[in-house]
Amino acid sequence: MGEEGWRDFQKVVHEDEEKKKYNNYMFTCPMCNSKNVKKISTVNRATSIAIFGLASNKINKQYECDNCKHKW
Ligand SMILES: [Zn+2]
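Residues numbered from 1 in each chain as written. Predicted model: local features only at pLDDT ≥ 70, side-chain atom pairs only at ≥ 80, totals over all residues. Heavy atoms only, no water.

Draft legend 1. Spatial organisation of the packing of aromatic side chains. If you walk through the whole model with that rule in mind, you get three aromatic pairs. Ring centres of Trp-6 and Phe-9 lie 5.5 Å apart, and the angle between their planes is 25 degrees; this geometry places the pair in the stacked category. Here Trp-6 and its partner Phe-9 are both found in helix α1 (residues 3-21), three residues apart, which amounts to about one turn of the helix. Note on Phe-9: relative accessible area 43%, which makes it partly exposed. Clustering of aromatic rings is evident, with ring pairs tying together Phe-27, Tyr-63 and Trp-72. (Phe/Tyr/Trp six-rings, centres within 6.5 Å; stacked < 30°, edge-to-face > 60°. Helix = DSSP H or I, 4+ residues; strand = E, 2+ residues; numbered from the N terminus. Buried < 20%, exposed > 50% of the residue type's maximum accessible area, 1.4 Å probe, protein only.)

Draft legend 2. Here's a closer look at the pattern of salt bridges. Enumeration over the complete set of coordinates arrives at six salt bridges. Here Arg-7 and Glu-3 are joined by a salt bridge, their closest N and O atoms 3.5 Å apart. Within this pair, Arg-7 and its partner Glu-3 are both found in helix α1, separated by four residues, close to a single helical turn. Owing to a relative accessible area of 48%, Arg-7 belongs among the partly exposed residues under this scheme. One salt-bridge network, in which partners are shared between bridges, spans Lys-38, Asp-66 and Lys-69. (Salt bridge = Lys/Arg side-chain N within 4 Å of Asp/Glu carboxyl O.)

Draft legend 3. Looking closely at a nonpolar patch on the surface. The grouping of Met-1, Trp-6, Phe-9 and Val-13 at the surface amounts to a nonpolar patch, some 460 Å² of accessible area in total. Assignment of secondary structure puts Met-1 in the segment before α1. (Patch = residues over 30% accessible without salt bridge, like charges linked within 9 Å, V, L, I, M, F, W, Y side chains within 5 Å. Areas by Shrake-Rupley, 256 points an atom, 1.4 Å probe, with all protein chains shown as cover.)

Draft legend 4. Molecular detail of the coordination of the zinc ion. Each protein donor to the zinc ion is listed here as Cys-29 (SG), Cys-32 (SG), Cys-65 (SG) and Cys-68 (SG); together their distances run 2.3 Å. In this structure, the zinc ion is coordinated by four donor atoms arranged in tetrahedral fashion, with angles at the metal of 106 to 117 degrees. Sequence spacing of the donors to the zinc ion: C-x2-C-x32-C-x2-C. Of this pair, Cys-29 sits in the loop between α1 and β1 (37-39) while Cys-68 sits in the segment after β2 (63-65), and the two are 39 residues apart along the sequence. Using a relative accessible area of 34% as the deciding quantity, one classes Cys-68 as partly exposed. (Donors = N, O, S within 2.8 Å, 3.2 Å for Na, K, Ca; no water. Tetrahedral: all angles 85-135°; square planar, octahedral: opposite > 155°, others 65-115°.)

Draft legend 5. A look at the side chain of Glu-64. Its place among the elements puts Glu-64 in strand β2. In this structure, Glu-64 is in contact with Asn-36, Val-37, Lys-38, Ile-40, Lys-69, His-70, Lys-71 and Trp-72, ignoring residues within four places of it in sequence. (Contact = heavy atoms within 4.5 Å.)

Encoded structure:
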């Protein structure tokens with residue numbers, strides 16, 4: 001594998017990891033149309049309940065955009 005092939009390989013691996021991180025790009029942000037949308041994990045939700053209590057505005061929000069930080 002030449003140097004270029006190795007770079008391509010790393011790019012593919014990186015993109016694959018990004019896709020996994022962001023739900024295989026299944027969702028897009030309603031604010032900025034970015035595909036860097038994460039599902040907010042139940043661990044994060046449990047943590048925010050524990051820290052901020054039931055009044056936290058993170059409750060009932062399932063997705064977060066990594067681009068503009070919009071949650072919905
Ligand atoms: Zn966004």
